[in-house]
Amino acid sequence: MAKPRDIIGEILAIRERNLYGGPRLKAFFARVSTLTSLAEQWRDQEWINESCRSEAIRYIPIALVAAVQGWMGLAIRDLVDAGEPFASNSKNLKITKFDHDIVMALASQRLTAGEIIAHFVSCNRIEDVVSNLDDVIGSKVVPRARDVVFKNDQFSIEIDSVYDHLAASLQETFTLRHVFAHELDPKQEVEVSTLPGRVKFCLVLIGAYDRVVSESIESAGAGIRTQIANERIEPSTPSGMPPGTSSKRE
């Protein structure tokens, strides 16, 4: 007889393994900036064994999707823990029903409602990212993400002008991740010169989605946030853009 899943243990273990306790986008940025540097090094480095190089670069899409899935979980957690209307909207998510132990863990404040709900959310395509946010926020995310403009002293990016390209790149990354993670020896390859751009495109697109999440929470007055019993762990606060970057709507 198969041993039942220990959902509470899984969530607590994820919390314990989280090396970066800051806001969700800063945590995402920290991981992805490392992937950017790695992709650039692998692009420029001479490899004696090309088969080893081909195998190594398969890691980038796998790690990039893991970062997106991690951000998605934190975004759902923060929205639900912010209170209404997001807590009620979360019933629109297609997730597994909770059992008695999970309810009791919530009642004892071992876990937050956001942590529990986020644990069951699926994110294997860009459509999943969008639909999950749509369901919890209660409005269409893509038009709002297209409206975002990122600016600093060096650049200005209007998301609307590049959204389709960014979304297509991320969807291809999800596909590559599925192939490389689940197939024994696929013929599919990734052009190493495209890796740094692929990672940066993902960062920009998730940055736009994160801005929508933050503005949604802020416009709702931040709600009533559920506190975690373990005082050294707190739900992350709404994040801004990567360091040195601001955004505005025009």
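Owing to the predicted nature of the structure, the values given are computational and were not obtained by experimental measurement. (Residues numbered from 1 in each chain as written. Predicted model: local features only at pLDDT ≥ 70, side-chain atom pairs only at ≥ 80, totals over all residues. Heavy atoms only, no water.)

Draft legend 1. Structural detail: the side chain of arginine 198. Mapped onto the fold, arginine 198 is located in helix α11 (residues 195-219). Setting aside residues no more than four positions away along its own chain, arginine 198 makes contact with Leu64, Ser169, Glu172, Thr173 and Leu176. (Helix = DSSP H or I, 4+ residues; strand = E, 2+ residues; numbered from the N terminus. Contact = heavy atoms within 4.5 Å.)

Draft legend 2. Highlighting helix α1 (residues 7-17). Among all positions of α1, only Ile7, Ile8, Ile11 and Arg15 are buried. All buried residues of α1 fall inside an arc of 105° around its axis, so they share one side. Within α1, the exposed residues directed more than 90 degrees away from the buried face are Glu16 and Arg17. (Buried < 20%, exposed > 50% of the residue type's maximum accessible area, 1.4 Å probe, protein only. Arc of directions from axis to C-beta.)

Draft legend 3. Spotlight on the confidence of the model for the chain. Here the chain averages 80 in pLDDT, and 80% of its residues register 70 or above. Looking over the chain, one finds the lowest element-wise mean pLDDT in strand β3 (residues 246-249), namely 45, and the highest in helix α9 (residues 141-146), namely 96. With pLDDT under 50 throughout, residues 223-250 is counted as low confidence; its partners more than four residues away or in other chains account for 86 contacts. (pLDDT = per-residue confidence, 0-100.)

Draft legend 4. Just the packing of aromatic side chains, in detail. Going through the model one piece at a time under the given rule, you end up with one aromatic pair. Between tyrosine 163 and tyrosine 209 the ring centres are 6.5 Å apart and the planes differ by 70°, which places this aromatic pair in the edge-to-face class. In this pair, tyrosine 163 sits in helix α10 (residues 159-182) while tyrosine 209 sits in helix α11, placing the two residues 46 residues apart along the sequence. The buried category is assigned to tyrosine 163, whose relative accessible area is 6%. (Phe/Tyr/Trp six-rings, centres within 6.5 Å; stacked < 30°, edge-to-face > 60°.)

Draft legend 5. View of the environment of glycine 207. Its place among the elements puts glycine 207 in helix α11. For the pair glycine 207 and phenylalanine 29, spaced 178 residues apart in sequence, the C-alpha separation works out to 8.9 Å.

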